[in-house]
Amino acid sequence: MTNPAQTAAGLSFEVWVGADLMRQDQAAKLTYQESEFWGDAGLLRDFDDDPEIDREVLFTVGGRLADMAIPEGRVRELFRERRDRANAAGHGLRIRLMVEIPALQLLPWEFIHVRQQAGNRVAEDFLALNPDYSIVRSEILRGKVPKGPHSGVVRFVGMLSDPAKTLDLHKDKDAIESAILSLREEAKADLVDLIWTETNSRSALGKALGRQAEVFHYSGHGAFDTSVNGGEGQLILQHKDGKPDRYPESILATDLGAADVRLAVLGACKTARRDGYEAWSGLALRLIRQGIPAVIGNQFKIRKSSAKTFNTHFYLHLLSGTTVDEAITLARIAVRREKSIEWRD
């Protein structure tokens, strides 16, 4: 989605399919008007702050997102063709969303809802909850060279931080350790070197990262400070005196980049938040810009129980050999299995 232009009718933009399947001059031309999309500001606020939302609202928002990302016409035709070809071959379909327009980057594209069959709308029509699909936000990094695959023992650094003591982070720790133990028993070898930071301080994180770490996992609190120009994502660590320490995205990105981290999992609220004005605003985007190939974060608030379920299933699947995006899809399905569709998580 690119080539924005603000008009009286709203924000006009173009959508097309890459990989030489469409030329840009064949792009679908659409318009986004925030007030029309959300209906009213209250819905946007609810979607942002309340994890429990009426299912009809979710279906409506998901359908509107589908109409923008996979509009009727040549784009929808290609989607159906590729879907049917993948199904016939027994494969899944990976959808890579490349959204260059800051105002559109704010939308929850992971809620795209496409009816697979006629009849009532069902939860499995959310592409992110269907194992036959994978939705990945792919950022354009001009001049960046992706890091090669890793071989050998994976160094995994984990950090738990809850200065206010409002979370049950031991459950996250148990989930990760259980997944690694299952891998060890199945492979009959130690394939993951798990290191937990000694404390939730900056110095402890630096010490644990050392000179290299392939995976970094954080569980705790996150924040998005809108008072900083462009917005600044932060992890909430802790000072020696026990007070919260807002660890800025710029320093975290430098630390993880220096350690050659390949996957960063940010298990905290608003770690994937953007400001809607700057294309590279926010914590997750800052890490990607630093050159970290895969970053997982939360655009909105997330419930503790959902975070625990997600971590359990994500690492079980990832360490068993699935790709990162496949593991994310299966972990989302696990959260859906335990909660009703009204839980936005």
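Bear in mind that the values here come from a model prediction, so they are computed numbers and not experimental data.

S.K.: What should I look at first to understand the overall build of the protein chain in this one?
M.R.: Tallying secondary structure elements over the protein chain gives 11 helices and 13 strands in all. A buried classification covers 46% of the 345 residues belonging to the protein chain. Contacts spanning at least 24 positions in sequence make up 70% of the contacts within the protein chain whose residues lie at least 6 apart. Accessible surface, the protein chain: about 17,200 Å² in total, of which carbon and sulfur atoms supply 49%.

S.K.: What exactly am I supposed to notice about the sheet that holds strand E10 (residues 232-238) here?
M.R.: Consider a sheet: its strands pair through backbone hydrogen bonds, and that pairing is either parallel or antiparallel. On the basis of which strands lie adjacent, the open sheet formed by 3 strands has the order E9-E10-E11 and antiparallel pairing. In the strand order of this sheet, the two ends are held by strand E9 (222-225) and strand E11 (244-248), each with one partner. Within this sheet the neighbouring strands show an average axis-to-axis angle of 40°, counted without direction. Taken together, the 5 bridges between E10 and E11 define a ladder with antiparallel strand orientation. In the strand pairing of E11, Leu-235 is matched with Tyr-247. Lying on the sheet, helix H8 (residues 249-258) is in contact with E10 and E11; it crosses E11 at an angle near 65°.

S.K.: Would you mind going over empty space enclosed by the protein with me for this structure?
M.R.: Space left empty within the atom packing is revealed by a probe, the size of a water molecule, rolled over the atoms. Summed over all chains, the structure comprises 1 cavity of 30 Å³ or more. Estimates place the volume of the largest cavity at around 40 Å³. If you trace the largest cavity, you find it lined by Ile-180, Leu-183, Arg-184, Ala-189, Asp-190, Leu-191 and Val-192. For the lining of the largest cavity, the element with the most residues is helix H6 (residues 169-187), which contributes 3 residues.

S.K.: Quick question: what am I supposed to make of the pattern of salt bridges here?
M.R.: Side chains carrying opposite charge are able to pair once their charged atoms draw close together. What the rule picks out here adds up to 16 salt bridges. Between Glu-81 and Arg-74 there is a salt bridge, with the nearest N and O atoms lying 3.4 Å from each other. Arg-74 sits in the partly exposed class, given a relative accessible area of 37%. Between Glu-249 and Arg-286 there is a salt bridge; the shortest N-O distance is 3.6 Å. With a gap of 37 residues between them, Glu-249 in helix H8 and Arg-286 in helix H9 (residues 283-290) connect regions that are remote in the sequence. In this structure Glu-249 comes out as buried when scored by relative accessible area, which is 6%. Residue Arg-286 is classed as partly exposed on the basis of its relative accessible area of 31%.

S.K.: When you look at the nonpolar core in this model, what are you seeing that I'm missing?
M.R.: Nonpolar side chains tend to gather and get buried jointly when the protein is soluble and globular. Counting residues in each nonpolar core, the largest one holds 35 residues, and the members touching the most others are Leu-104, Leu-107, Trp-109, Ile-112 and Leu-127. Secondary structure elements with two or more residues in this core: strand E2 (10-15), helix H1 (34-38), helix H3 (55-69), helix H4 (74-89), strand E4 (93-97) and strand E5 (133-137). Per element, the largest residue contribution to this core is 7 residues, and it comes from H3. Setting aside its immediate chain neighbours within four residues, Ile-112 contacts Gly-62, Leu-65, Ala-66, Ala-69, Ile-70, Leu-97, Asp-125, Phe-126, Leu-127 and Ile-135. With 27 residues, the next largest nonpolar core counts Val-157, Tyr-218, Ile-236 and Ala-264 among its residues.

S.K.: Teacher, can you tell me more about the packing of aromatic side chains here?
M.R.: Aromatic rings considered in pairs are described by the distance between their centres and by the relative angle of their planes. A complete count under the given rule lists 7 aromatic pairs for this structure. Feature note: the residues Phe-156, Phe-310, Phe-314 and Tyr-315 constitute an aromatic cluster, connected by ring pairs.

S.K.: How should I be thinking about the environment of Val-215 in this particular structure?
M.R.: In this structure, Val-215 sits in strand E8 (residues 215-220). Residues Val-215 and Arg-155 lie 60 residues apart in sequence; the distance between their C-alpha atoms is 6.5 Å. Contacts of Val-215, omitting those with residues within four sequence positions, involve Val-154, Arg-155, Phe-156, Val-157 and Leu-263.

S.K.: What's the story with H6 in this structure? I'm lost.
M.R.: Residues three or four positions apart in an α-helix share a direction because the helix packs 3.6 residues into each turn. With 19 residues, H6 extends 28 Å from end C-alpha to end C-alpha; this agrees with the ideal 27 Å at 1.5 Å per step. Of the positions making up H6, those classed as buried are Leu-169, Asp-172, Ala-175, Ile-176, Ala-179, Ile-180 and Leu-183. End-on view of H6: buried residues confined to an arc of 125°, all on one side of the axis. On its buried face, H6 sits against strand E6 (154-161), strand E7 (192-196), E8 and helix H10 (304-319). Count one or two residues on from H6 and you reach Lys-188, which has phi positive near 55°.

Cut-offs applied
Residues numbered from 1 in each chain as written. Predicted model: local features only at pLDDT ≥ 70, side-chain atom pairs only at ≥ 80, totals over all residues. Heavy atoms only, no water. Helix = DSSP H or I, 4+ residues; strand = E, 2+ residues; numbered from the N terminus. Buried < 20%, exposed > 50% of the residue type's maximum accessible area, 1.4 Å probe, protein only. Contact = heavy atoms within 4.5 Å. Areas by Shrake-Rupley, 256 points an atom, 1.4 Å probe, with all protein chains shown as cover. Pairing = 2+ DSSP bridges. Axes fitted to C-alpha atoms, helices over the stretch in contact; angles between N-to-C directions. 1 Å grid on protein atoms, 1.4 Å probe; cavity = no way out; pocket = protein on both sides within 12 Å on 5 of 7 lines; lining within 4 Å. Points joined across faces, edges and corners; volume = space filled by probe spheres on them. Salt bridge = Lys/Arg side-chain N within 4 Å of Asp/Glu carboxyl O. Core = buried A, V, L, I, M, F, W, Y, C linked by side-chain atoms within 4.5 Å. Phe/Tyr/Trp six-rings, centres within 6.5 Å; stacked < 30°, edge-to-face > 60°. Expected span 1.5 Å × (residues − 1). Arc of directions from axis to C-beta.

Without other data, these values stay purely geometric and don't point to any function.
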